[in-house]
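Chain by chain, the residues:
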Amino acid sequence: MEAIHGELLGGFRERFGRAPVVGARAPGRVNWIGEHTDYQEGLVLPSAIDRDTWVLATPRPGRHFRVWTRDLDEAGAFDVADLEGERRGEGPAGWLDYVKGVVFALRERELDVAGFDLAIASSLPLGSGLSSSAALEVAVATLLDGALGLGLGPEGCARVAHRGEQRYVGVACGILDPFACALGRADHALRIDCRSQEVRPIAVPPGRVALLIAHSGVTRELAASAYGDRVAECRAAVLAARQAGLVPGAGALRDLSPDDLPALAGVLEPTLLRRARHVITENARVDAFCAALGRADLEAAGALLVEGQRSLAEDYEVSIPEIDALCADAAELPGVYGSRLTGAGFGGCTLHLVAPEAAAEVSSALAARFERRFGRTPSILEARPSDGASFVSL
Ligand code: ADP
Ligand code: MG
């Protein structure tokens, strides 16, 4: 983290010919359990991790932004006035749109935004499912909040980041990512209720677990359309359940419990039943996982991850062979409590709950097995549940 900060200082001076006066950082995140529950108003359990995105900045006269990202070595510029009331044009989003989206969301709230020279650098892999996008957005929101005294605070910054990605960048994302990046707490997970938006920190037993994250090397091209399909299937399941009078007033699968599954089986066609069963049992697994962490019962926590993976693979059908293999291989290694896909699926990462003393051995054994199966080396990192975003005056 500090290394990036130092490197970025030099890059900033070179680029803009002066020193930055303010900075902010925001971490990436990983979701322990509670996958594909957010858009049905359910429960999620992310931690911020110790890889983060830094932004450094200096105010400019007027309302013009010049932005440079070290990670892509690309630069861009925009005027705050151009974003007022204007949605982004057609076509795929570019990296600068994530910065513009934050300013767009601030202007929507009628907050005054002055111009800045701004430089970005991250220790997160981009586009790998560790939420580099929310890290960038929350870092920019935190920077502007601190520098301009907007009074947003961490939760406000998360909401602004979320609004920017949803409305300006155009990604149908939930609050999980920005909330985790903004509100993360060292050595904790955050139980987030996506209905009430209540956030409860859950301690991860100190010194008892290592968290490994392996990237399958598969990027999520399929994700957008398949994600949309799952969202639609869940809506259809709720509608059918409501029409059958099973859940009077139910607005979401959140309102159903595993006890309702036998009755649901009578009214949903098989695919919708499996989709609903994943979401309903996954919500229950989030609370069971929190309880297991509370008792420091890592075997029970690991078993819930394994159950969650089975549900994602068989009922929700969002896993892929690389992810299945990483989870199956890990299950055979000593010191692994449990593994699952983390993120939307169709690629991205697996998460492994491991005894700390076994972490190095598990990591190299997993990589070797993956290489034998798929002919390429996966990137595996050990992450620590970490604090959320922060602002610094330089
Ligand atoms: P994830 O959030 O899982 O990393 P996304 O596809 O949601 O994946 O976001 C990745 C995109 O966010 C990148 O392709 C890029 O446009 C933008 N981005 C994130 N971090 C940076 C950065 N440090 N510099 C420039 N662009 C970034
Ligand atoms: Mg993202």
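Before reading on, note that the structure itself is shown above.
Residues numbered from 1 in each chain as written. Chains lettered and ligands numbered in written order. Predicted model: local features only at pLDDT ≥ 70, side-chain atom pairs only at ≥ 80, totals over all residues. Heavy atoms only, no water.

Draft legend 1. Structural detail: the overall build of the protein. If you tally the helices and strands in the protein, you get 11 helices and 13 strands. The C-alpha atoms of the protein give 21 Å as radius of gyration, which agrees with the globular expectation for 394 residues (21 Å, within 12%). When its C-alpha atoms are laid out on the principal axes, the protein stretches across 65 × 50 × 40 Å. In the protein, of all internal contacts separated by at least 6 residues, the share reaching a separation of at least 24 is 72%. Carbon and sulfur atoms make up 50% of the accessible area of the protein, which amounts to about 15500 Å² in all. Computed over 40 positive and 53 negative side-chain charges, the inter-centroid distance for the protein is 2 Å. (Helix = DSSP H or I, 4+ residues; strand = E, 2+ residues; numbered from the N terminus. Rg over C-alpha atoms; globule rule 2.2 N^0.38 Å. Contact = heavy atoms within 4.5 Å. Areas by Shrake-Rupley, 256 points an atom, 1.4 Å probe, with all protein chains shown as cover. Lys, Arg positive; Asp, Glu negative; His and termini not counted. Charge placed at Lys NZ, Arg CZ, Asp CG, Glu CD.)

Draft legend 2. Here's a closer look at the sheet that holds strand 10 (residues 336–342). Pairing is antiparallel across the open sheet formed by 4 strands, whose spatial order is 10-11-9-12. Sheet topology places strand 10 and strand 12 (379–383) at the edges, where each strand pairs with a single neighbour. In this sheet, adjacent strand axes meet at a mean angle of 20° when their direction is disregarded. Both strand 10 and strand 11 (residues 349–354) contribute to a ladder of 6 bridges, which runs antiparallel. Looking across to strand 11, one finds that Ser339 is bridged to His352. Sitting on the sheet, helix 9 (residues 298–315) touches strand 10 and strand 11, and the angle it makes with strand 10 is about 35°. (Pairing = 2+ DSSP bridges. Axes fitted to C-alpha atoms, helices over the stretch in contact; angles between N-to-C directions.)

Draft legend 3. Region of interest: the pairing of strand 10. Of all 7 residues in strand 10, 6 are buried; the element is thus mostly enclosed. Turn length for the strand 10-strand 11 hairpin, with the two strands adjacent in sequence and antiparallel, is 6 residues, and the turn residue Gly343 shows positive phi of about 100°. (Buried < 20%, exposed > 50% of the residue type's maximum accessible area, 1.4 Å probe, protein only.)

Draft legend 4. Expanded view of the pattern of salt bridges. The final tally for this structure, using the stated rule, is 29 salt bridges. Note that Arg195 is salt-bridged to Asp255, the shortest N-O span being 2.7 Å. Within this pair, whereas Arg195 is found in the loop between strand 7 (188–193) and strand 8 (199–203), its partner Asp255 is found in the loop between helix 6 (223–243) and helix 7 (261–265), the two being separated by 60 residues in sequence. Residue class for Arg195 comes out partly exposed when judged on its relative accessible area of 37%. Taken together, the salt bridges that share partners define one network made up of Glu35, Glu282, Arg285, Glu307 and Arg340. (Salt bridge = Lys/Arg side-chain N within 4 Å of Asp/Glu carboxyl O.)

Draft legend 5. Quick look at the environment of Glu282. Residue placement: Glu282 occurs in helix 8 (residues 270–294). In the structure, Glu282 is positioned 249 residues away from Ile33 in sequence and 7.7 Å away in space, judged by C-alpha atoms. A polar contact is formed between the side chain of Glu282 and the backbone nitrogen of Gly34, at a distance of 2.9 Å. (Polar contact = N/O pair within 3.5 Å; in protein donor to acceptor, adjacent residues only side chain to side chain.)

Draft legend 6. Seen up close, the site of ligand 1. In the neighbourhood of ligand 1, 17 residues make up the surrounding shell, with Thr69, Asp71, Gly127, Gly129 and Ser132 lying closest. Gly129 is positioned such that a nitrogen or oxygen atom in its backbone is 2.9 Å from an oxygen atom of ligand 1. Residue Ser133 places a side-chain N or O atom 3.0 Å away from an oxygen atom belonging to ligand 1. In the complex, the protein chains occlude 82% of the 560 Å² of accessible area that ligand 1 would expose alone. Per element, the largest residue contribution to the shell around ligand 1 is 3 residues, and it comes from helix 3 (residues 132–148). (Near = heavy atom within 4 Å.)

Draft legend 7. Spotlight on the layout of surface pockets. Empty space within the second largest pocket amounts to approximately 210 Å³. Those elements that place two or more of their residues in the lining of the second largest pocket are strand 9 (210–215) and strand 12. Partitioned by chemical class, the residues of the lining of the second largest pocket number 10 nonpolar, 1 polar and 4 charged. (1 Å grid on protein atoms, 1.4 Å probe; cavity = no way out; pocket = protein on both sides within 12 Å on 5 of 7 lines; lining within 4 Å. Points joined across faces, edges and corners; volume = space filled by probe spheres on them. Nonpolar A, V, L, I, M, F, W, Y, C, P; charged D, E, K, R; others polar.)

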